[in-house]
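Structural characterization, general
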Amino acid sequence: MLYPSPLSSGSKIAVTAFSSGVAAPCHPRLNIVLQDLKNRGFEVLEGQCLREDNLHVSAPLEARVAELMAFLCDDSIDAIMAPWGGEIAMDILPKLDWQRLETAKPKWLMGFSDISTVLTSISCKLGWATCHCTNLMQLGLNQTDELTARVFEHLATPTGGEFKQTAAQFFERRHADYSKEPTAAFNLSEPSQWKILNNAYHDEVEFTGRLIGGCIDTHMVLYGSEYFLPHKKLINREDPVIYYFENGELTPTQYFRAFQSLKLKGAFDNASGILIGRNAAQVARGDGYDDLIALQQSLGELEIPVLYDVDVSHQSPNLTMVNGALANVKLKNGLGEISQKLI
């Protein structure tokens with residue numbers, strides 16, 4: 001693995017929206033989180049592809065690709081963040097100059113949702129560690145829960161170091177409308193607990209492997225392409241994989257097909273375990289078919305542990321997950337824990 005340099009005071013963070021941009025009603029919130037980055041001691045470079053949103057994107061494809069390439073190849077930049085996810089970040093993947101990026105200094109790419117589409121591709125094609133975590137628009141200094149407040153602390157971990165996180169006790173069922181509440185913090189009101197899907201396991205499980213994953217909506221179609229082959233560059237040794245996935249918009253039957261497809265393609269053949277985030281799209285059919293039934297039908301008979309309702313989700317808070325890190329996951333009596341070694 002190629003781990004970017006640890007983030008510290010004075011590190012330069014570039015902000016660009018290579019998926020959805022930020023329309024004018026949410027500019028007050030954007031201004032707050034950008035200022036908060038500066039208050040943390042970071043140097044902030046604001047891109048041109050950021051403060052508009054039209055047809056699900058911040059700017060035309062060529063402009064988004066050019067800006068992201070410029071930031072990726074600028075060795076003075078330590079991290080790249082997007083404001084939030086979106087719908088069609090996949091369109092930039094074949095347009096990036098991957099050969100040129102082979103010579104660039106690794107830097108942290110951070111975020112979740114559609115951002116994970118690019119994170120996985122960067123990790124699998126270049127071997128860079130990337131960071132699936134809370135999006136910039138949620139990272140105000142007034143977010144005090146431990147998982148959110150310690151994102152930058154975890155990314156200050158040096159190569160060879162380790163950090164540990166424990167499961168959140170509460171989560172937010174619905175996120176705030178930042179156009180109406182630009183200073184909103186999470187409303188962590190719902191009890192949260194990691195659970196074991198497989199009947200073969202009881203209330204205690206532990207497994208180790210290298211992390212990779214993201215939003216199942218895009219990863220189900222990326223798998224098997226050059227942009228999502230974990231063993232091409234991300235994992236070039238005998239370490240098993242720990243996959244983590246979360247659902248943005250899939251219905252229960254689509255959810256079933258997504259995991260069944262990955263299983264049929266052999267994605268889980270070298271996996272030590274799977275982490276499934278809280279499902280933000282919990283819309284049951286009239287016949288009672290829901291997301292939990294979909295998981296049981298597609299993954300319930302696997303001979304590896306499958307944990308669900310994990311803190312990887314569109315329902316905050318989110319774990320900081322480093323793609324490529326060697327992780328150890330424990331669940332005992334409903335208490336979840338994950339440690340990650342940057343080796």
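Anyway, here's the lowdown on the structure attached to this text. (Residues numbered from 1 in each chain as written. Predicted model: local features only at pLDDT ≥ 70, side-chain atom pairs only at ≥ 80, totals over all residues. Heavy atoms only, no water.)

Here we take up the side chain of Glu 172. If you trace the backbone, Glu 172 turns up in the loop between strand 7 (170-171) and strand 8 (190-191). Of the side chains with opposite charge, Arg 29 comes closest to the buried, unpaired Glu 172, at an N-O distance of 8.8 Å. Within the structure, Glu 172 has its side chain in polar contact with the backbone nitrogen of Asn 187 (distance 3.0 Å). When residues no more than four places from it in sequence are discounted, the contact partners of Glu 172 are Ala 185, Phe 186, Asn 187, Leu 188, Gln 315 and Ser 316. (Helix = DSSP H or I, 4+ residues; strand = E, 2+ residues; numbered from the N terminus. Buried < 20%, exposed > 50% of the residue type's maximum accessible area, 1.4 Å probe, protein only. Lys, Arg positive; Asp, Glu negative; His and termini not counted. Salt bridge = Lys/Arg side-chain N within 4 Å of Asp/Glu carboxyl O. Polar contact = N/O pair within 3.5 Å; in protein donor to acceptor, adjacent residues only side chain to side chain. Contact = heavy atoms within 4.5 Å.)

Per the counting criterion, the structure on display carries twelve salt bridges. Close ionic contact of Arg 51 with Glu 46 constitutes a salt bridge, the shortest N to O distance being 2.6 Å. Residue Asp 75 is joined to Lys 107 by a salt bridge in which the shortest nitrogen-to-oxygen separation is 3.9 Å. Taken together, the residues span a long stretch of sequence, with Asp 75 in the loop between helix 2 (61-73) and strand 3 (79-81) and Lys 107 in the loop between helix 3 (98-101) and strand 4 (108-111) at a distance of 32 residues. Taking the relative accessible area as the measure of exposure, Asp 75 reaches 43% and is therefore partly exposed.

Bringing helix 2 into the picture now. In this model, helix 2 (13 residues) spans 18 Å end to end at C-alpha, consistent with the 18 Å of a helix rising 1.5 Å per residue. Three or more residues of helix 2 are buried, namely Arg 64, Val 65, Glu 67, Leu 68, Met 69, Phe 71 and Leu 72. Residues of helix 2 that are buried in the fold lie against strand 1 (12-15), strand 2 (43-46), strand 3, helix 3, strand 4 and helix 4 (115-126). (Expected span 1.5 Å × (residues − 1).)

Before going further, it helps to examine the sheet that holds strand 5 (residues 130-132). Spatial strand order, 2-1-3-4-5-14: six strands in an open sheet with mixed pairing. The two strands at the open ends of the sheet, each matched to only one other strand, are strand 2 and strand 14 (321-323). Each strand axis lies, on average, 25 degrees off the axis of its neighbour in the sheet, ignoring direction. Across two bridges, the pairing between strand 4 and strand 5 is parallel. If you follow Gly 111 over to strand 5, its bridge partner there is His 132. Strand contacts of helix 1 (residues 27-39): strand 1 and strand 2, with the helix running at about 150 degrees to strand 2, the strand carrying the most contacts. Running over the sheet, helix 4 touches strand 4, strand 5 and strand 14 and is turned about 150 degrees from strand 4. (Pairing = 2+ DSSP bridges. Axes fitted to C-alpha atoms, helices over the stretch in contact; angles between N-to-C directions.)

On to the sheet that holds strand 10 (residues 204-215). In spatial order, the strands read 6-16-15-10-11-12-13-9; together these eight strands make up an open sheet with mixed pairing. Every interior strand has two partners, whereas the edge strands, strand 6 (162-166) and strand 9 (195-196), have only one. Bridge count between strand 10 and strand 15 (residues 326-332): seven bridges; the pairing is antiparallel. Within strand 15, the residue paired with Gly 209 across the bridge is Ala 327.

Right, let's talk about the nonpolar core for a bit. Core analysis: the biggest nonpolar cluster contains 53 residues, and Tyr 243, Phe 245, Phe 268, Ile 274, Ile 276 and Leu 299 have the highest contact counts within it. In terms of residues, this core owes the most to one element, helix 4, which gives six residues. Apart from the residues lying within four places of it in its own chain, the contact partners of Ile 276 are Phe 245, Tyr 255, Phe 259, Leu 295, Leu 299, Val 306, Leu 307, Tyr 308, Asp 309 and Val 310. Counting residues in each nonpolar core, the second largest holds 33 residues, with Met 110, Met 137, Phe 163 and Val 322 among its members. (Core = buried A, V, L, I, M, F, W, Y, C linked by side-chain atoms within 4.5 Å.)

In this section: the side chain of Ser 298. As for its placement among the helices and strands, Ser 298 is situated in helix 9 (residues 291-299). On the accessibility criterion, Ser 298 (1% relative accessible area) is buried.

Attention now goes to unusual backbone geometry. Of note, the amide linkage connecting Ser 316 to Pro 317 takes the cis form, showing an omega dihedral of 10 degrees. Position of Pro 317 among the secondary structure elements: in the loop between strand 13 (306-310) and strand 14.

Counted according to the given criterion, the structure contains eight aromatic pairs. When the centroid spacing of 6.3 Å and the interplanar angle of 75 degrees are considered together, the rings of Phe 228 and Tyr 243 count as edge-to-face. Highlighted residues: Phe 228 in the loop between helix 7 (216-222) and strand 11 (241-246) and Tyr 243 in strand 11, separated in sequence by 15 residues. By the burial criterion, Phe 228 is buried, and Tyr 243 matches it. Their ring planes at 80 degrees and their centres at 5.5 Å tell us that Tyr 243 and Phe 268 sit as a pair that is edge-to-face. (Phe/Tyr/Trp six-rings, centres within 6.5 Å; stacked < 30°, edge-to-face > 60°.)

Next up on the list: the packing of helix 8 (residues 252-264) against helix 9. The geometry of helix 8 relative to helix 9 is characterised by a closest axis approach of 8 Å and an angle of 20 degrees between their N-to-C directions. Viewed along their axes, helix 8 and helix 9 adopt a mutual orientation that is roughly parallel. For the crossing formed where helix 8 meets helix 9, the hand is right-handed. In this structure, helix 8 contributes Pro 252, Tyr 255, Phe 256, Phe 259, Gln 260 and Lys 263 to the contact, and helix 9 contributes Asp 291, Ala 294, Leu 295, Gln 297, Ser 298 and Leu 299. Tallied by class, residues from the contact of helix 8 with helix 9 come to seven nonpolar, three polar and two charged. (Parallel < 35°, antiparallel > 145°, perpendicular 65-115°, else oblique. Left-handed = near helix turned anticlockwise from the far one by under 90°. Nonpolar A, V, L, I, M, F, W, Y, C, P; charged D, E, K, R; others polar.)

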